[in-house]
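Residue-level listing of the chains:
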Amino acid sequence: MLEKPIAFIAKIIADFTHEINNHLALIKESAGLISDICKDKKSIDKKEMPLIKESLEAITNQINKSVNFINYFNRFAHRMDNLKSTFVLSSVFEEIFELLKRYLNRKKVSLKYNLQSNIPTIESSPFILQFLIFYAVDSFLKKSIPDSSIVVSITSENNIIRIVIKYEGEFIETPVTEIWPLSNIQEIAYLTDISISSDEKIITINIPV
Amino acid sequence: MKKAKLLIIDDEAELVSTLTERLNLRGYDAHGVTNFIDGIKLLNETPDVVILDIGLQDMDGMEILKKIKEINPTIQVIMMSGYGDAERINKSLMHGAYDYLIKPVDIDELVSKIDNAKLKRGTM
């Protein structure tokens, strides 16, 4: 049963480290370029200053981007601290979608989400909820075609928060990678009070509050 | 030895321009693009070595590698990626990549790979 959540964490870590390596690559090349320009010189030519300034700016911007991205990852990691905690749905979504952004971009699938303003805080497992959201997005992306979209809408009614994740577009005929069976995912959801069901292009997650 | 003609393909524009600048400062004739469509136009100018990011937005790096090898099998391709998993590395080498470097790369290591890749091209 642990296989799927572990695969989910592995995917997030692999994409995260890949992204951070890209950030570090730019920092390293920009610092390297400054070092190349300054090599064996006692003073800098005026005409070289714009390039140095540009490189220093690129380093600062990239460090800021990296810090921001690392903070999302750190928050994601802490979602696993306890099986049950109180959390705000919007921050859980913000994190998981930020971490999945590159995966979505690679597949050329856009993601839109619409969160109703009166959503109450939730007492459940944020990690399992993120895992279920990942399952929904991942199972669509494995069959998606470029320029399609995933639309997520979240509503609250009768003490139930309903997350509807809908794929808009055509599917490819034969997915290259295995799509996890819903029954495996439901087994994991049973550890909490969250439930998940699936139709061809719609996956619904219900959270009692 | 005449320095190699290089084509850098990576979707990170700032990285492309910085790396291109650094390689040009080292005497190479380097050109950089951020997508495969622009890259394919520059392939007509027959670079000795292509430095290729594996995760481009417009096309999978592995597919680009195959296409480059179809167009001209003597062009040497050095793959560059933030992913360091054995599967990607082996797949790249199997499809004819000269080498695979994990980002962030060391410029001296990259230069040494470029020079060796050019030597290999000269023997083909």
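Preceding this section is the structure that the text describes.
Source: prediction; values computed, not measured.

1. Digging into the pairing of strand β7 (residues 202-208) of chain A
All names here are of chain A. Of all the seven residues making up β7, five are buried; the element is thus mostly covered by neighbouring parts of the structure. Where strand β5 (residues 160-168) and β7 come together, seven bridges link them in antiparallel fashion. Considered in β7, the bridge of R162 is made with N206. Across four bridges, strand β6 (residues 195-198) lies against β7 in antiparallel orientation. The partner of S195 across the bridge, within β7, is N206.

2. Section: the sheet that holds strand β2 (residues 29-33) of chain B
All names here are of chain B. Pairing is parallel across the open sheet formed by five strands, whose spatial order is β2-β1-β3-β4-β5. The strands lining the two open edges of the sheet, one partner per strand, are β2 and β5 (99-102). Within this sheet the neighbouring strands show an average axis-to-axis angle of 20°, counted without direction. Note: strand β4 (residues 76-81) against β5, four bridges, orientation parallel. Bridge pairing links S81 to I102 in β5. Where helix α1 (residues 13-25) meets the sheet, its contacts fall on β1 (5-9), β2, β3 (49-53) and β4, and the angle it forms with β2 comes to roughly 175°. Contacting β4 and β5, helix α4 (residues 86-94) runs over the sheet at an angle of about 150° to β5.

3. Here's the deal with the interface of chain B and chain A
Counting residues at the interface gives 22 residues for chain B, matched by 22 residues for chain A. At the boundary of chain B with chain A, total buried surface from both sides reaches about 1900 Å², with 52% on carbon and sulfur atoms. With its nearest N and O atoms 2.9 Å apart, the salt bridge here joins R22 of chain B to E29 of chain A. Along the contact surface separating chain B from chain A lie nine residue pairs in polar contact (both at pLDDT 80 or more). Its residues assigned to classes, the side of chain B that touches chain A comprises eight nonpolar, five polar and nine charged.

Reading the values: rules and limits
Residues numbered from 1 in each chain as written. Chains lettered and ligands numbered in written order. Predicted model: local features only at pLDDT ≥ 70, side-chain atom pairs only at ≥ 80, totals over all residues. Heavy atoms only, no water. Buried < 20%, exposed > 50% of the residue type's maximum accessible area, 1.4 Å probe, protein only. Helix = DSSP H or I, 4+ residues; strand = E, 2+ residues; numbered from the N terminus. Pairing = 2+ DSSP bridges. Axes fitted to C-alpha atoms, helices over the stretch in contact; angles between N-to-C directions. Contact = heavy atoms within 4.5 Å. Buried area = accessible area lost by both parts, 1.4 Å probe. Salt bridge = Lys/Arg side-chain N within 4 Å of Asp/Glu carboxyl O. Polar contact = N/O pair within 3.5 Å; in protein donor to acceptor, adjacent residues only side chain to side chain. Nonpolar A, V, L, I, M, F, W, Y, C, P; charged D, E, K, R; others polar.

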